[in-house]
Amino acid sequence: MSDPGDRDRSGRRRRRRGGVGVRKEKEENNETVVTPASAKPPIILAKPANDRSSSSDASRSAEPKPVVMLKSRADERRSQLTTTTQSIPGMLAGEHAPTQPIYHIQKNPALLGSVGNEDYGQSRLAPHPEMITPIKLIDELMQWSDTGMEMLIDQTDFFVIGVIGLQGVGKSTIMSMLAGNVQEDTVRSDSLVFKAQSRDVQAVCGHQTSGVDMYITHERVILLDSQPVFSASVLDGMAHMDKKFPPEYSTVENWAEMQSLQLMTFMLTVCNVVLVVQDWFADANLFRYIQTAEMLKPSRPSSGHETVPSADDAPEYYPHIVFLQNKAKREDFIVDNYLVMNNVIKRMFHQTKLKLKGDLSLSDVDAIIPGLKQRTKNTDLVNLFLVPNVDSAADSNKDHISTLLPHYRGYPSFELIARKLRNQLLSMPRTLLTHTTLSEKNWFHYAAKTWDGIRKSQFLSEYNRLLP
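Anyway, here's the lowdown on the structure attached to this text.

Conventions adopted
- Residues numbered from 1 in each chain as written.
- Predicted model: local features only at pLDDT ≥ 70, side-chain atom pairs only at ≥ 80, totals over all residues.
- Heavy atoms only, no water.
- Helix = DSSP H or I, 4+ residues; strand = E, 2+ residues; numbered from the N terminus.
- Buried < 20%, exposed > 50% of the residue type's maximum accessible area, 1.4 Å probe, protein only.
- Contact = heavy atoms within 4.5 Å.
- Areas by Shrake-Rupley, 256 points an atom, 1.4 Å probe, with all protein chains shown as cover.
- Salt bridge = Lys/Arg side-chain N within 4 Å of Asp/Glu carboxyl O.
- Polar contact = N/O pair within 3.5 Å; in protein donor to acceptor, adjacent residues only side chain to side chain.
- Arc of directions from axis to C-beta.
- Phe/Tyr/Trp six-rings, centres within 6.5 Å; stacked < 30°, edge-to-face > 60°.

Looking only at helices and strands, one finds 15 helices and nine strands in the protein. Evaluated residue by residue, the protein yields a buried proportion of 38% over its 468 residues. For the protein, contacts bridging at least 24 residues in sequence account for 73% of all contacts bridging at least 6. Total accessible area on the protein stands at roughly 30,200 Å², and carbon and sulfur atoms take up 52% of it.

Right, here's the structure in full:
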């Protein structure tokens, strides 16, 4: 029997739409539809997973992003705090901390200069190299040399010590002791900083130093060793020169004398301390030429870095003079003889403006001349220092066979006296060479201008004209 619900109002049976073989099962609220086997399976069009992800990314990127023109400080702090909070669990789990940007500082080759691949800051802090051998400041032809500029630096704590004296008095040996040599180095002249006369040079009565040599110690003390003044060896070399002497000099003797005066004037202008070395007391001609050089000393040239006032306003500069009696004997270390030498120098330079009193004396070292300090309490002594002979001091250190006591010298050893001399020289007051403070390089330019001014000085030319 058919179900009366399957008929329409006219009583006809209704046709089922699903066709033959369609069953409908109803369970509470679920329905299951079974299609016949002859029906075609449905086709579902879908993209692979890779293409799906790429298309989704493209669609996301295509979406317009908001442009933030300005963020508030509260938002920046909140984002930084969120990032740091999120990274803490990963750091505790052993993950690597977020890397920070690394900045590389490149070196400026213009600032490195001659330093090369070393750091510029380290080169500024590194100690300056010491000189091994002296270099020429004035060559044997009396021409200025610029090679010494490479060893100078821009600092004002320096001290200039020069030396003048006759031939063979020991100028180079004394300057070598100030440079740091010891008594054992005097055995061989090649081991000294300033090369002394060898036996071959002494055999021909020649001189060792020509022109002016410069040496700079690690204490920034500039030592100037000059050729002997009024030397017969220098005069002989001038007489045997191939070229004729300059026309402004009438004779070769006048040329040699004027050259010695030029060197002495140069030393009195550019040095803080000038050592006058002699090996016997006393050469009156040497003292007279020192006063002549003081008279012919030119006014201060420009230092090269500032304007110089007029000659009337600028005060004249005069260095400290130290009279050094080299190769002194036992009799020279007696108190009375020392006071006699002191009085002779004081009388001969009573009108000088050179600073030759109260800076250096044997009275400060009571062990050298016992009783001298008590005798000269209220006496103004000149800068007179006695240095014994190196060879006799070395021989006296050996004990004689005939006695158990060492040989009596009458004075301390050469090593002790040389050390006392060096200490007192370095502790002398350092007055300004010009109206302004000079650096080492400024001093070099100042010395070059001084030498050029001395060579062209009208006072020296007039003095040369008056020579016989």
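This next bit is on the pattern of salt bridges. Under the defined criterion, the tally for this structure stands at eight salt bridges. Here aspartate 213 and lysine 136 are joined by a salt bridge, their closest N and O atoms 3.0 Å apart. You can see aspartate 213 sitting in strand 5 (residues 212-216) and its partner lysine 136 sitting in strand 3 (residues 135-138), a full 77 residues away along the chain. On the accessibility criterion, lysine 136 (28% relative accessible area) is partly exposed. Where glutamate 219 meets arginine 422, a salt bridge forms, and the shortest distance between an N and an O atom there is 3.0 Å. In this pair, glutamate 219 is assigned in the loop between strand 5 and strand 6 (221-226) and arginine 422 in helix 13 (residues 414-426), connecting sequence segments 203 residues apart. Given a relative accessible area of 34%, glutamate 219 falls into the partly exposed group.

Attention shifts here to the side chain of serine 361. Tracing the backbone through its elements, the reader meets serine 361 in the loop between helix 10 (335-348) and helix 11 (372-375). Classification of serine 361 as buried rests on a relative accessible area of 6%. For serine 361, the side chain forms a polar contact with the side chain of tyrosine 338, separated by 3.5 Å. Setting aside residues no more than four positions away along its own chain, serine 361 makes contact with Tyr338, Leu381, Val382, Leu384 and Gln424.

Because each turn of an α-helix spans 3.6 residues, side chains separated by three or four positions end up pointing in the same direction. Buried within helix 7 (residues 232-239) we find Ser233, Val234 and Met238. In an axial view of helix 7, the angular spread of the buried residues amounts to 140°, which keeps them on one side of the axis. Summarising the geometry of helix 7, the exposed residues directed more than 90 degrees from the buried face are Ala232 and Ala239. Looking at the buried side of helix 7, the elements it contacts are helix 8 (252-270). Near the N-terminus of helix 7, the side chain that reaches the backbone nitrogen of serine 233, with its oxygen 3.2 Å away, is that of serine 231.

With that settled, consider the packing of aromatic side chains. Counted by the stated rule, this structure contains ten aromatic pairs. Each ring, one from tyrosine 249 and one from tryptophan 255, has its centre 6.5 Å from the other, and the planes form 20°; the classification is stacked. We classify tyrosine 249 as buried; its relative accessible area is 11%. Using a relative accessible area of 12% as the deciding quantity, one classes tryptophan 255 as buried.

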